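Chains, contacts and geometry: an overview
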Amino acid sequence: MEDLPYKVVYSESAEKSVLQFSGQLIINYIENITEIVKEKVSATKDLDIQVDNPDSVDITFIQLVLSIKKTYELAGKEVNITTELKDELKTLIGNSGFSYVLY
């Protein structure tokens with residue numbers, strides 16, 4: 001398997017699903033990341049999204065997270081987001097007005 005600049009890990013338990021993201025969560029890779037999400041995730045259980053100390057994040061990743069949240073909301077399921085972000089990414093996300101998504 002090739003060494004990709006991003007990582008997407010999906011796992012399930014009896015009560016919920018977990019989707020973990022790390023690496024470069026940017027436009028250069030968002031199409032591939034989105035395909036992984038589409039293949040693995042279904043809104044049949046509540047979902048925990050974990051953003052684990054990514055190298056970079058841009059608006060395309062935030063749009064993906066918002067889309068996932070909306071899909072689960074329409075299915076009557078809960079989405080919980082936890083993040084581990086560097087201070088400079090927190091500042092960037094906050095300044096762009098998307099702290100409500102990834103904080």
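The coordinates are above.
Residues numbered from 1 in each chain as written. Predicted model: local features only at pLDDT ≥ 70, side-chain atom pairs only at ≥ 80, totals over all residues. Heavy atoms only, no water.

Summing up its helical and strand segments, the chain has four helices and five strands in all. Along its sequence from the N terminus, the chain presents helices and strands in the succession β-β-α-β-β-α-β-α-α. A principal-axis box enclosing the C-alpha atoms of the chain has dimensions of 35 × 35 × 20 Å. Put simply, the chain has 103 residues, and 34% of those count as buried. A sequence separation of at least 24 residues applies to 70% of the contacts in the chain between residues at least 6 apart. Accessible area for the chain stands at about 6,200 Å²; split by element, carbon and sulfur atoms hold 46% of it. Across the chain, the 10 positively charged side chains and the 17 negatively charged ones have centroids separated by 5 Å. (Helix = DSSP H or I, 4+ residues; strand = E, 2+ residues; numbered from the N terminus. Buried < 20%, exposed > 50% of the residue type's maximum accessible area, 1.4 Å probe, protein only. Contact = heavy atoms within 4.5 Å. Areas by Shrake-Rupley, 256 points an atom, 1.4 Å probe, with all protein chains shown as cover. Lys, Arg positive; Asp, Glu negative; His and termini not counted. Charge placed at Lys NZ, Arg CZ, Asp CG, Glu CD.)

This next bit is on the nonpolar core. Leu19, Phe21, Phe61, Ile68 and Leu102 are the most contacted members of the largest nonpolar core, which has 26 residues in total. With six residues, helix α2 (residues 59-74) is the largest single contributor of residues to this core. When sequence neighbours within four positions are dropped, the list of residues in contact with Leu19 reads Val8, Val9, Tyr10, Val37, Val41, Leu47, Asp48, Ile49, Gln50 and Ile68. (Core = buried A, V, L, I, M, F, W, Y, C linked by side-chain atoms within 4.5 Å.)

It is worth spelling out helix α1 (residues 27-40) at this point. Between its first and last C-alpha, α1 extends 20 Å over 14 residues, near the 20 Å set by a 1.5 Å rise per residue. Here α1 has its buried residues at Ile30, Ile33 and Val37. Buried positions along α1 lie against β1 (6-12), β2 (16-25) and α2. (Expected span 1.5 Å × (residues − 1).)

Tracing the chain through its elements places Asp48 in strand β3 (residues 46-52). By relative accessible area, which is 14% here, Asp48 ends up buried. For Asp48, the residues in contact, after removing those within four places along its chain, are Lys16, Ser17, Val18, Leu19 and Asn80.

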